[in-house]
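# Observations on the three-dimensional arrangement
Given next are the chains, with one letter for each unit.
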Amino acid sequence: MTATQDAPSVEIGQSRRRKEDQRLITGRTRWTDNLNLPGMLHLAMVRSPFAHATITSIDTSAAKEAPNVVAVLTGADFGDEMGVCINAWPISPDQKAPGHPPMPSDRVTFAGEIVAVVVARSAAEARDAAELVDVEYDDLPAALDLKEAAEDKVLAHPELGTNKSALWVFDSAEAGTGGNVEEAIAQAREDGIVIEREYRQQRLIPAFMEPRSVVVDPTGEQLTMWSATQIPHILRFALAATTGVPESKIRVIAPDVGGGFGGKLQTTPEEWIVWAVARRLAKPMKYTETRSESLLSAHHGRDQWQRLTLAATKDGTVTGLKVDLLADLGAYVSLVGGGVPVLGAFMFNAIYKIPAYHWQVQTVLTNKTWTDAYRGAGRPEATYAIERLMDELAAEVGVDPLEIREKNWITHEEFPFTTVAGLTYDSGNYEAATARAKELFGYDALRAEQAERRARGDKVQLGLGVSTFTEMCGLAPSRVLGSLDYGAGGWEAASVRMTPLGKVEVITGASAHGQGHETAFSQIVADRLGVPFEDVEVLHGDTQVAPRGLDTYGSRSLVVGGEALVRAADKVVEKARPLAAHLLEASVDDLEFAGGRFTVKGTDQGVGIGELATATFTGHNYPEDMELGLDADATFDPVNFNYPHGTHLCAMEVDTETGAVKMRSYVCCDDIGNIINPLIVEGQVHGGLVQGIAQALWEEAVYDESGTLVSGSFVDYLLPTAADTISFQVDHTVTPATSNTLGTKGVGEAGTIASTPAVINAIVDALRPMGVDDITMPATPERVWRAINDSKGGGDAPTEQAAMPHFENEGGAQ
């Protein structure tokens, strides 16, 4: 280790306000839609209203005559020169995937697919003219219901002959990581407990704050694309790979990006169309989607049926788990959409010592908007299933839900622990996180209150929900991703530059879209180099400034990108050491580095790293065998995933007469290793909690029988605001990760992964004495009432029901 690593931390652990916020909240942002280039034209997309139809004709004549319209183009005008949207994760060698043209010319396969593009002097004129494009369709049968699509009742892509895209299977007996699950289930049927359940993961929409926007300038030596994307480096690669333009001639910039949640982890038809039109007309082009377009055609998430079988002994010791999934891909196999369910394969076993495990997923094509990563990507689905099952097992055994978890979880003395899914969890302490959460929650007192309410027969019952989770994050290492046929690596690159005046420029391949990278990365580098926080500038999101990188998703920026920065900063120190020795007329071995200064042991002689940067700039006095310059590059590819964990506890009140629910309290204690910036972490956790709670209570993308998205606006797709939530109690325990120098673990997805089952478990817990053991998400008042009513034998629904649940604290989240 270097002396830098042993130095006391000054910045790490401080709740620094984000550097980015001054620019963002005062309107001095660099959103893509804010860009205006000389001579720039604007695009509007013409989209299909049909889920599945043949395009018989496209009449563009009226649109071409509209004011200030420059061109109207269709897929037939481009042929193959437009390129195709790619699938980077074929999960099986025989995966069936239709070609994905950005703008098809013969057939549409989901409502919202682009069939023509209008180019005009302004965005408003382009949109008006798009209304004049007359497209004739022959409607075709559409595959819409996931289960029916899996039976090939109607084919989404008849040329494939089936809707079944790929089957991916993991079996612990075959993999050598555990026993035979069928034998475990058979044994449990004889003398133990078998829990069989089917759960629905509804379709969700990422609903990021900033709609997607693309600008392309084809007029220079390079073609430059600005895009509201999470993945500028991957986008550049995909453009070069599919359009034939060399990477050296492509520059992709992700400026300020207003949220993504996985929804901008995509190479989109709109990007390819803007690119192709700009090249065709040799003019700068801009396209910014409307909110309705975003909800309709930006990729969706989740959408699974989960058939689950849990085997256990009579005392509740789990002996086997069998998982059978159907996953809706939508109309196309998108960038990593086919692989998203596979990420969950390694997490259904969660924090538990499960001896036998079988997992499989059948991915299915339908005539709906394509699905891909959404915050958590496979891990929320897995956590929901196993945490619901553990509550069911506890009820069957007749013990508290926390007791059944403690009976089966990995104890802190057993780490590192290799799971039945083949992963090695490096660190954790589930006991400590649970104890702290119980303390903050007042668990025993709430259980006592629950018993009193049940004894009184109150119409408003209290339920307590438990969710103990872990996740694999920091999407890497590259070799593991390669073994899963993932099309990219998991490494990250960074550079640290010392300017002549002693300031620091940090270049990272991670691309921020709201996480606070500029602040957290500045704190890390300031500590490693011993320079003021204010003297560090972080540059990112531009493939010309940061030519190497694999971008931001899967809670990887800190644990992979941050470690690359640590290594680059340490290289700077080591490059500066011989120059410091030369200027101090001392041996390299006699130098110590701390607080940004090299000093000679036992003396007060020293020189600052900023002074050394100036010395390398002037070049007046340096060792003959030294190469001038202190700049350094580093790449980090971890040897293992990263495993944050935590315990989430939720109290819900349920009105048994109306089905209305009310959140009473929510406590979480997460272990994310060492924390760089507690303020940023708290914000990440709060945001994640709200998104997970929203899946439990409000959000669902709904299609009608013709394939039209009927939840295509915020009138019908219910997103919570701060006023709809309560003040959460957030705390942390710390078991440092061993996979990176900083000891950090991912945090961006933790709240989303854990909160959904905590809420549903609480509602079911309130109603279990009435015979209710499941509520289909989202748990609207009507669905809760119907579950209660069905348990009683039926009856009429209440005449008035609230759209939103009520909350104890109307003041909103703190």
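In short, a report on the structure.

Reading the values: the criteria
Residues numbered from 1 in each chain as written. Predicted model: local features only at pLDDT ≥ 70, side-chain atom pairs only at ≥ 80, totals over all residues. Heavy atoms only, no water. Helix = DSSP H or I, 4+ residues; strand = E, 2+ residues; numbered from the N terminus. Rg over C-alpha atoms; globule rule 2.2 N^0.38 Å. Buried < 20%, exposed > 50% of the residue type's maximum accessible area, 1.4 Å probe, protein only. Contact = heavy atoms within 4.5 Å. Salt bridge = Lys/Arg side-chain N within 4 Å of Asp/Glu carboxyl O. Axes fitted to C-alpha atoms, helices over the stretch in contact; angles between N-to-C directions. Parallel < 35°, antiparallel > 145°, perpendicular 65-115°, else oblique. Left-handed = near helix turned anticlockwise from the far one by under 90°. Nonpolar A, V, L, I, M, F, W, Y, C, P; charged D, E, K, R; others polar. Core = buried A, V, L, I, M, F, W, Y, C linked by side-chain atoms within 4.5 Å. Domains from an automatic or database assignment.

What follows concerns the overall build of the protein. Tallying secondary structure elements over the protein gives 22 helices and 29 strands in all. For the protein, whose C-alpha radius of gyration is 28 Å, the value lies close to the compact-globule estimate of 28 Å for 814 residues. Projected onto its principal axes, the C-alpha coordinates of the protein cover approximately 90 × 75 × 55 Å. Evaluated residue by residue, the protein yields a buried proportion of 60% over its 814 residues. Within the protein, counting contacts between residues at least 6 apart in sequence, those at least 24 apart form 79% of the total.

Take the pattern of salt bridges next. Using the criterion set out here, one finds 57 salt bridges in the structure. We note a salt bridge from Arg447 to Asp765, for which the minimum N-O separation is 3.0 Å. Pair noted here: Arg447 is in helix α15 (residues 443-456) and Asp765 is in helix α21 (residues 750-767), with a separation of 318 residues, a long-range link. Summarising the burial analysis for this pair, Arg447 and Asp765 share the class buried. One network of salt bridges, in which partners are shared, links Arg197, Arg388, Glu392, Arg768, Asp773 and Asp774.

Now for the packing of helix α12 (residues 379-397) against α21. The N-to-C vectors of α12 and α21 enclose an angle of 30 degrees; their axes lie 8 Å apart at closest approach. Taken together, α12 and α21 sit at an angle that is classed as roughly parallel. Read as a crossing pair, α12 and α21 show a hand that is right-handed. In contact with Arg379, Pro380, Thr383, Tyr384, Glu387, Arg388, Asp391 and Glu392 of α12, α21 contributes Thr752, Ile753, Thr756, Pro757, Ile760, Asn761 and Val764. Each residue belonging to the contact of α12 with α21 can be placed in one class, and the counts come to 6 nonpolar, 4 polar and 5 charged.

Turning next to the nonpolar core. What tends to happen in soluble globular proteins is that the nonpolar side chains get buried as a cluster. With 100 residues, the main nonpolar core has Trp168, Phe348, Trp359, Tyr666, Leu697, Val759 and Ile763 as its most contacted residues. Residue contributions to this core reach at least three from each of two domains, namely domain 2 (38-142 + 206-297) and domain 3 (426-474 + 641-808).

This next bit is on unusual backbone geometry. Geometrically, the link from Ala476 to Pro477 is a cis peptide bond, its omega value of 5 degrees lying close to zero. Within the secondary structure, Pro477 sits in the loop between β18 (460-470) and α16 (478-483). Here the bond from Met777 into Pro778 is cis, since omega is -10 degrees, no more than 30 degrees from zero. Tracing the backbone through its elements, the reader meets Pro778 in the loop between α21 and α22 (781-792). The phi dihedral of Ala350 is positive, around 55 degrees, even though this residue is not glycine. Looking at the element boundaries, Ala350 is found in the loop between α11 (340-345) and β15 (357-365). According to the relative accessible area criterion, Ala350 is buried, its value standing at 4%.

All we've got here are geometric facts, nothing functional implied.
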